[in-house]
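For reference, the chains in residue letters:
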Amino acid sequence: MRDTLEKLRVSALGELGAAGSAAELESLRVRYLGKKGEITAILRQMGSLDAAERPAIGSLANSVRTDIENAVASRSGALDAASLADRLLRERVDVTAPGKLAAIGRRHPMSIVLDEAREIFISMGFTVAEGPEVELSLYDFDKLNIPPNHTVREWSDTFYITEDESVHLRCQTSPVQVRYMEAHRPPVRIISPGRVYRKDEADASHTPMFHQIEGLVVDRGITLGDLKGTLDALLRRLYGSDTKTRFRPHHFPFTEPSCEVDVRCATCGGAGCHVCKGEGWLELLGAGMVHPKVLAGVGIDPDEYSGFAFGVGVERMTMLRYGIDDARLLYENDLRFLRQFM
Ligand SMILES: [Zn+2]
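Keep in mind that this is a model prediction, so the values were computed, not measured. Just so you know, the residues in each chain are numbered from 1, in the order the chain's sequence is written. The predicted nature of this model means local features are confined to residues of pLDDT at least 70 and side-chain atom pairs, given and counted, to a pLDDT of 80 or more, with totals for whole chains, interfaces and linings taken over all residues. Where side-chain values are given, they derive from all heavy atoms of the structure, hydrogens and water being excluded.

**Q** Now, about a negative patch on the surface: what can you tell me, with residues and values included?
**A** Each patch is built from residues that are more than 30% exposed by relative accessible area and take part in no salt bridge. Like charges join if they lie within 9 Å; nonpolar side chains (Val, Leu, Ile, Met, Phe, Trp, Tyr) join within 5 Å. Accessibility throughout is a Shrake-Rupley quantity obtained with a 1.4 Å probe, and a residue counts as covered only by protein chains that appear here. Salt bridges are defined as contacts in which a side-chain nitrogen from Lys or Arg sits within 4 Å of a carboxyl oxygen from Asp or Glu. Counting rule for charge: Lys and Arg are taken as positive, Asp and Glu as negative, and neither His nor the chain ends is counted. Here the site of a charge means NZ on Lys, CZ on Arg, CG on Asp, or CD on Glu. Together, Glu 154, Glu 163, Asp 164 and Glu 165 give the surface a local cluster of negative charge. Among the secondary structure elements, Glu 165 is positioned in the loop between helix 6 (137-140) and strand 3 (167-169). Take Glu 165: its relative accessible area is 33%, and that puts it in the partly exposed class. Helix and strand assignments come from DSSP, with helices taken as H or I runs of at least 4 residues and strands as E runs of at least 2, each series counted from the N terminus. The rule is simple: take the accessible area with a 1.4 Å probe, protein chains only, and divide by the maximum for that residue type; under 20% is buried, over 50% is exposed, in between is partly exposed.

This is the structure we're talking about:
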């Protein structure tokens, strides 16, 4: 029995020392120390011993039990420490590591200019109106006084949706003006920014889809002077307070009289250079007094009311603002180009 106890001590201490997990340790503890464990089983046999031997064997059994208990406690402490160290390693945060810079996008240069123009107009009392990009020819052509034989109605100029030419991708944002005037009585004071489509080959100054902002003011007593004042205010705020403008007579079907507006070339100050092709001026927008037929067509009496309208290309405004010499740069999404704008 003495040998059995000694062997038990050796094997138990060996196994406990090698226990790799808390669960394994607990099953060993039960095996050696539990009520049905090996120590208990040996102690039950004490009754068969000589009375003289019992104290020595009892003392040995207690010492083996104590050793095993100590080994369990010690292994348990070691396993806890290892598990804590492992967890600390896994959940480590290196507070000295450099931060990761989030990739933040920027506004496209056209968005910057469009937002500014929108703010300027809103500060002058305009509201923003929008309309469909797939438009009825009735609104984009007929109600704008564009004659049936006008070149803009050609299939080579316009993206028609239907064979009968009644629906197409709008060529301008002007139909929004017609829709707005049909739904609202004067005074009218709106801008309508948006995409427009024309069958142009893409080159340095044309793209088949581009952006416009149109403006419309209709009220009693509106004159060409109001138009000039409004556009001067817009262009000085966009391009600087010393910006010079020039109004040239022109022809549009939907305005009478009509004009084109040029801005003094900022690159050469008007002396003439390659940007303005020696002219000293850059053509920017078209404008005029709303044609009486357009007003009458939406039920506004042209004898009582008058109005002005203008349309400006956002690409053109942006190119002038930043000295960009090719419209295609605005659509190529080259990050080296786009990152120059804040
Ligand atoms: Zn110039």
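**Q** Let's hear about the packing of helix 1 (residues 2-18) against helix 2 (residues 22-33): which residues, and what values?
**A** As a rule, the C-alpha atoms of each element are fitted with a line to give its axis, helices using only the stretch in contact, and angles between N-to-C directions run from 0 to 180 degrees. As a packed pair, helix 1 and helix 2 sit with axes 9 Å apart at the nearest point and diverge in direction by 165 degrees. Our classification of the angle between helix 1 and helix 2 gives roughly antiparallel. In the crossing of helix 1 with helix 2, the sense of the turn from one axis to the other is left-handed. On helix 2, the residues that touch Leu 8, Ser 11, Ala 12, Glu 15, Leu 16 and Ala 18 of helix 1 are Glu 24, Leu 25, Leu 28, Arg 31 and Tyr 32. Gly falls in the polar group here, along with every residue not listed as nonpolar (Ala, Val, Leu, Ile, Met, Phe, Trp, Tyr, Cys, Pro) or charged (Asp, Glu, Lys, Arg). Considered class by class, the residues forming the contact of helix 1 with helix 2 number seven nonpolar, one polar and three charged. Reported orientations rely on four angle classes, namely roughly parallel under 35 degrees, roughly antiparallel over 145, roughly perpendicular from 65 to 115, and oblique for the rest. Two helices crossing with the near one rotated counterclockwise from the far one by less than a right angle form a left-handed crossing, whereas a clockwise rotation gives a right-handed crossing. Here, residues are in contact when the closest pair of their heavy atoms is within 4.5 Å.

**Q** Talk me through the environment of Met 319; I want residue IDs and the actual numbers.
**A** If you trace the backbone, Met 319 turns up in helix 10 (residues 314-322). The exposure class of Met 319 is buried, given its relative accessible area of 11%. The sequence separation of Met 319 and Ser 205 amounts to 114 residues, and the corresponding C-alpha distance is 9.6 Å.

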